[in-house]
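# Residue-level structure breakdown
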Amino acid sequence: MPLRQYAYFALFSQHVSADEMTSQLGITPDEVSVRGSRSTEPRTIPVSHRWKVVCREPDLRVDEQIARILDRLQPHAACIAELVGQLAADGGGAVLQVVRHFNDTDHDESPSRPDAPDSPNLFGWHLERDVLDFLTAVDAELDVDEYDMTPGEDDS
């Protein structure tokens, strides 16, 4: 079964920009995003700023991807926790996000094929105590999204 998966750690806020987060943390993100409000009058006001450290390396289990992310972030846990506290006071926060797409044959990237001979088993994963301790220390949520991309009868 083809599988495409990635993980990221994100800080999010309605008011604090990703540039401000970068400045406060001293850590360069892999990705940033700004999502605007649906209303553009009198002007578009951002609804969400996101600062992300991402691992999209294929052929790694989710826990291995998370370990790569945390290798970069753990030395800065105290600064991240302080910033998350500030963001949370205004409705923002932090999340460790896991995204998995099963049977994804239509995506541009070549998905991993865990059923191929000599390929690693990517289906099982677990979180080590140090990951849970980090998430607790920085007051982050864990969100796992899994999607079955198998074409349905109605898809053409």
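Residues numbered from 1 in each chain as written. Predicted model: local features only at pLDDT ≥ 70, side-chain atom pairs only at ≥ 80, totals over all residues. Heavy atoms only, no water.

## Here we look at the pattern of salt bridges
All told, the structure shown has 7 salt bridges when counted by the stated rule. Put simply, R68 and E57 hold a salt bridge, and the shortest N to O gap is 2.4 Å. Of this pair, R68 sits in helix α2 (residues 62-73) while E57 sits in the loop between β3 (46-55) and α2, and the two are 11 residues apart along the sequence. Residue classification places R68 among the partly exposed positions, given a relative accessible area of 38%. By relative accessible area, E57 is classed as partly exposed at 35%. Linked through salt bridges whose partners overlap, the residues forming this network are R61, D63 and E64. (Salt bridge = Lys/Arg side-chain N within 4 Å of Asp/Glu carboxyl O. Helix = DSSP H or I, 4+ residues; strand = E, 2+ residues; numbered from the N terminus. Buried < 20%, exposed > 50% of the residue type's maximum accessible area, 1.4 Å probe, protein only.)

## Overview of helix α4 (residues 129-137)
When α4 is considered as a whole, its buried residues turn out to be V131, F134 and L135. Down the axis of α4, the buried side of the element spans an arc of 95°, and every buried residue falls inside it. Across α4 from its buried face, at more than 90 degrees, point the exposed residues R129, T136 and A137. Against β1 (3-13), α2, α3 (77-88), β4 (93-102) and β5 (141-148) lie the buried residues of α4. Immediately beyond the C-terminal end of α4, within one or two residues, lies D139, with a positive phi of roughly 60°. (Arc of directions from axis to C-beta. Contact = heavy atoms within 4.5 Å.)

## Section: the nonpolar core
Ranked by size, the top nonpolar core spans 29 residues in total, and within it F9, L11, W51, L73, I80 and F134 carry the most contacts. Going through the elements one at a time, β1, α1 (18-25), β3, α2, α3, β4 and α4 are the ones with two or more residues in this core. (Core = buried A, V, L, I, M, F, W, Y, C linked by side-chain atoms within 4.5 Å.)

## As for the packing of aromatic side chains
Counting across every chain of the model gives 2 aromatic pairs. With 6.3 Å between their ring centres and 15° between their planes, Y6 and Y8 make a pair best called stacked. For the residue pair Y6 and Y8, the accessibility class agrees, reading buried in each case. Arranged with centres 5.7 Å apart and planes meeting at 65°, the rings of F9 and F134 form a pair that is edge-to-face. In this pair, F9 is assigned in strand β1 and F134 in helix α4, connecting sequence segments 125 residues apart. A cation sits over an aromatic face here: K52 above Y8, 4.5 Å from the ring centre. Positioned over the ring face of Y6 is R56, at 4.3 Å from the centre of the ring. (Phe/Tyr/Trp six-rings, centres within 6.5 Å; stacked < 30°, edge-to-face > 60°. Lys NZ or Arg CZ within 6 Å of the ring centre and 35° of its normal.)

## Observations regarding the confidence of the model for the protein
Per-residue pLDDT for the protein has a mean of 86; in total, 79% of the residues score no lower than 70. Mean pLDDT across the elements of the protein ranges from a minimum in strand β2 (residues 31-36), with 85, to a maximum in α3, with 98. (pLDDT = per-residue confidence, 0-100.)

## Here's the deal with α1
Every α-helix carries 3.6 residues per turn, so stepping three or four residues along brings you back to the same face. Of all the residues in α1, the buried ones are A18, M21 and L25. Projected down its long axis, α1 shows its buried positions confined to an angular sector of 55°, all on one face. Summarising the geometry of α1, the exposed residues directed more than 90 degrees from the buried face are D19 and S23. A positive backbone phi angle near 75° is found at G26, which sits one or two residues after α1.

## Quick word on unusual backbone geometry
Even without glycine at this site, D59 takes up a positive phi of about 65°. Along the chain, the position of D59 falls in the loop between β3 and α2. Given the relative accessible area of 45%, D59 is considered partly exposed. Within the chain, D139 stands out as a residue other than glycine whose phi angle is a positive 60°. Note on placement: D139 falls in the loop between α4 and β5.

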